[in-house]
Amino acid sequence: TAVVALKDVSLSYNSNKDDNALEHIDLTLTEGEFVCLLGPSGCGKSTLLKIIAGFISPTAGTAVMDGEPINGADWHRGVVFQQPPLYPWLNVMENVMFGLKMRNIPVHESRRLAEEYIDKVGLREFRHCKPYELSGGMKQRVAIARSLVNKPRVLLMDEPFGALDALTREQMQILVRNIWWDSKCTILFITHDVDEALSLGTRVIVMSKRPGRILRELKTEFTYKI
Ligand code: ADP
Ligand code: ADP
């Protein structure tokens with residue numbers, strides 16, 4: 001079943017209709033897919049992700065999730081950026097619990113959930129650390145836990161490992177694949193890295209340079225091994 005559907009979406013950041021960042025995007029994310037989005041810098045990958053996240057609205061066309069128009073951010077859609085926006089004055093537990101607090105989840109329940117997801121990303125021993133005490137990869141693990149703790153239907157990742165060294169990136173790829181396998185959530189994953197897209201995605205979408213259009217799609221011969 002379709003979780004997210006974009007139909008003939010175009011987006012212009014200014015009023016000039018001939019200056020689109022995205023043009024005529026048709027894209028459906030099916031339940032449980034891991035879709036990788038590839039394309040040159042500036043082609044509109046982040047813009048596309050922000051439309052699905054609900055941060056910006058298309059200039060033309062429609063964006064729906066579960067049949068409802070996407071309108072504003074929503075915890076059913078988790079977002080992970082290249083730079084994890086953690087609160088520096090909160091420790092790992094508090095960072096992961098923050099969104100649950102905003103949703104008025106009782107403290108004992110959010111503590112239980114936070115611990116569960118901090119375990120899943122392998123940070124049990126670091127749960128009382130502040131972000132400045134953590135490496136880049138660990139901070140990204142916190143950001144992933146903070147999204148997952150809401151049990152989102154869709155996880156939107158914008159070059160999540162782009163700032164990490166090669167070894168850490170490999171570990172993070174294994175983590176995200178295991179999480180996907182485990183949680184069965186639908187993932188849209190932006191990357192510059194063709195190998196990363198081919199090794200993680202069940203489907204790879206390639207965009208053209210600005211104005212971004214979908215050039216081609218390929219299904220990978222994805223077999224789960226690890
Ligand atoms: P990508 O993620 O593929 O690098 P983006 O979606 O970030 O591409 O950007 C697509 C195009 O839109 C780029 O040319 C970029 O400069 C432009 N752009 C992105 N955000 C804004 C903005 N807030 N205002 C104006 N132009 C923007
Ligand atoms: P990415 O490729 O991950 O989108 P960028 O460095 O292109 O990273 O963009 C960083 C931020 O700046 C994004 O939020 C994007 O929307 C914004 N941005 C990019 N280009 C422009 C622009 N021309 N005008 C205003 N904001 C922009």
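Structure shown above.
Residues numbered from 1 in each chain as written. Chains lettered and ligands numbered in written order. Predicted model: local features only at pLDDT ≥ 70, side-chain atom pairs only at ≥ 80, totals over all residues. Heavy atoms only, no water.

*Asks:* What's the story with the overall build of the chain in this structure? I'm lost.
*Replies:* The secondary structure content of the chain amounts to 6 helices and 10 strands. At 17 Å, the chain has a C-alpha radius of gyration in line with the 17 Å of a compact globule built from 226 residues. Projected onto its principal axes, the C-alpha coordinates of the chain cover approximately 50 × 35 × 35 Å. The buried share of the chain, reckoned over its 226 residues, is 48%. For the chain, the share of sequence-separated contacts (at least 6 apart) that also reach a separation of at least 24 residues comes to 68%. On the chain, roughly 11300 Å² of surface is accessible, and the fraction owed to carbon and sulfur atoms is 52%. (Helix = DSSP H or I, 4+ residues; strand = E, 2+ residues; numbered from the N terminus. Rg over C-alpha atoms; globule rule 2.2 N^0.38 Å. Buried < 20%, exposed > 50% of the residue type's maximum accessible area, 1.4 Å probe, protein only. Contact = heavy atoms within 4.5 Å. Areas by Shrake-Rupley, 256 points an atom, 1.4 Å probe, with all protein chains shown as cover.)

*Asks:* What should I look at first to understand the packing of helix α4 (residues 136-148) against helix α5 (residues 166-183) in this one?
*Replies:* In a pair of packed helices, the angle between the axes and the distance between the axes together describe the arrangement. Direction vectors running N to C along α4 and α5 enclose 15°, while the axes themselves pass 11 Å from each other. The angle between α4 and α5 places the two elements in the roughly parallel class. Taken as a pair, α4 and α5 cross one another with a handedness that is right-handed. Taking contact as the criterion, the partners of Gly 137, Gln 140, Arg 141, Ile 144 and Leu 148 in α4 are, on α5, Thr 168, Gln 171, Met 172, Leu 175 and Ile 179. Classifying every residue of the contact of α4 with α5 gives 5 nonpolar, 4 polar and 1 charged. (Axes fitted to C-alpha atoms, helices over the stretch in contact; angles between N-to-C directions. Parallel < 35°, antiparallel > 145°, perpendicular 65-115°, else oblique. Left-handed = near helix turned anticlockwise from the far one by under 90°. Nonpolar A, V, L, I, M, F, W, Y, C, P; charged D, E, K, R; others polar.)

*Asks:* Explanation requested: the site of ligand 1 in the structure shown.
*Replies:* All residues adjacent to ligand 1 are Tyr 13, Ala 21, Pro 40, Ser 41, Gly 42, Cys 43, Gly 44, Lys 45, Ser 46, Thr 47 and Arg 210. Take Tyr 13: an N or O atom from its side chain is 3.4 Å from a nitrogen atom of ligand 1. With respect to ligand 1, the backbone of Lys 45 contributes an N or O atom lying 2.9 Å from an oxygen atom. A total of 560 Å² of accessible area belongs to ligand 1 in isolation, and the protein chains cover 60% of it. Per-element accounting of the shell around ligand 1 gives the leading share, 3 residues, to helix α1 (residues 45-53). Of the residues in the shell around ligand 1, the class split is 4 nonpolar, 5 polar and 2 charged. (Near = heavy atom within 4 Å. Polar contact = N/O pair within 3.5 Å; in protein donor to acceptor, adjacent residues only side chain to side chain.)

*Asks:* Is there a simple way to explain the pairing of strand β10 (residues 214-219) in this structure?
*Replies:* Each regular strand carries side chains that alternate between the two faces of the sheet. Burial runs low along β10: only 0 of the 6 residues are buried. By the bridge criterion, 5 bridges tie strand β9 (residues 203-207) to β10 in an arrangement that is antiparallel. When the sheet's bridge partners are listed, Val 204 is paired in β10 with Leu 218. Linkage of β9 to β10, two consecutive antiparallel strands, is achieved through a turn of 6 residues. (Pairing = 2+ DSSP bridges.)

*Asks:* Help me understand the sheet that holds strand β3 (residues 34-38) in this model?
*Replies:* Note: strands within a sheet are paired through backbone hydrogen bonds, in either parallel or antiparallel orientation. Strand order in the open sheet formed by 6 strands is β6-β7-β8-β3-β9-β10, and the pairing between neighbours is mixed. Where the open sheet ends on each side, the last strands, each with one partner, are β6 (77-80) and β10. This sheet shows a mean twist of 15° between the axes of neighbouring strands, independent of strand direction. Along the sheet, α1 contacts β3, β6, β7 (154-158), β8 (186-190) and β9; its crossing angle with β7, the most-contacted strand, is approximately 155°.

*Asks:* Would you mind showing me how to read the pattern of salt bridges here?
*Replies:* One side chain can pair with another of opposite charge once the charged atoms of both are near each other. Inspection of the entire model under this criterion finds 12 salt bridges. The partner of Arg 203 in a salt bridge is Glu 33, with the nearest N and O atoms 2.6 Å apart. In this pair, Arg 203 sits in strand β9 while Glu 33 sits in the loop between β2 (20-30) and β3, placing the two residues 170 residues apart along the sequence. A relative accessible area of 7% means that Arg 203 is categorised as buried. For Glu 33, a relative accessible area of 11% puts it in the buried group. A single network of salt bridges, built from pairs that share partners, joins Glu 109, Arg 112, Glu 116, Lys 120 and Asp 182. (Salt bridge = Lys/Arg side-chain N within 4 Å of Asp/Glu carboxyl O.)

*Asks:* Would you explain α4 in this entry?
*Replies:* At 3.6 residues per turn, the α-helix brings residues three or four places apart onto the same side. The terminal C-alpha atoms of α4 lie 18 Å apart, and with 13 residues this matches the ideal 18 Å at 1.5 Å per residue to within 8%. Within α4, 11 of the 13 residues are buried, which leaves it mostly tucked inside the rest of the structure. Gly 137, Met 138, Gln 140, Arg 141, Val 142, Ala 143, Ile 144, Ala 145, Arg 146, Ser 147 and Leu 148 are the residues of α4 that are buried. Looking at the buried side of α4, the elements it contacts are β6, α2 (92-102), α3 (107-120), β7 and α5. (Expected span 1.5 Å × (residues − 1).)

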